[in-house]
Amino acid sequence: MHANVGDRLVVHGRTVGRTDQSGEIVEVRGHHGEPPYVVRFEDGHEGLMFPGPDCVVVPQGA
């Protein structure tokens, strides 16, 4: 997985009734765009993310 600051991280819901979550990548802590990422979610909280197979990076401007 590769990301840049400003890209969006989408975490797909894994259970019935759970919606996807989306947030802006505000910091890339790995080398060459690799995880972990600091993500600011739509509800305002920030967290350090090690994305799994249920996550997708959406490039900025896409």
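Residues numbered from 1 in each chain as written. Predicted model: local features only at pLDDT ≥ 70, side-chain atom pairs only at ≥ 80, totals over all residues. Heavy atoms only, no water.

### Description of the confidence of the model for the protein chain
Model confidence for the protein chain is summarised by a mean pLDDT of 92, while 100% of its residues fall at 70 or above. The element-level mean pLDDT for the protein chain is lowest in strand β1 (residues 8–11), coming to 95, with strand β3 (residues 37–41) highest at 97. (pLDDT = per-residue confidence, 0-100. Helix = DSSP H or I, 4+ residues; strand = E, 2+ residues; numbered from the N terminus.)

### Examining the pattern of salt bridges
Inspection of every chain in the model, using the stated rule, returns 3 salt bridges. We note a salt bridge from Glu42 to Arg8, for which the minimum N-O separation is 3.5 Å. In this pair, Glu42 sits in the loop between β3 and β4 (46–49) while Arg8 sits in strand β1, placing the two residues 34 residues apart along the sequence. Taking relative accessible area as the criterion, Glu42 reaches 65% and is therefore assigned exposed. The exposure class of Arg8 is partly exposed, given its relative accessible area of 31%. With a shortest N-O distance of 3.1 Å, Arg29 and Glu27 are connected by a salt bridge. We classify Arg29 as partly exposed; its relative accessible area is 48%. (Salt bridge = Lys/Arg side-chain N within 4 Å of Asp/Glu carboxyl O. Buried < 20%, exposed > 50% of the residue type's maximum accessible area, 1.4 Å probe, protein only.)

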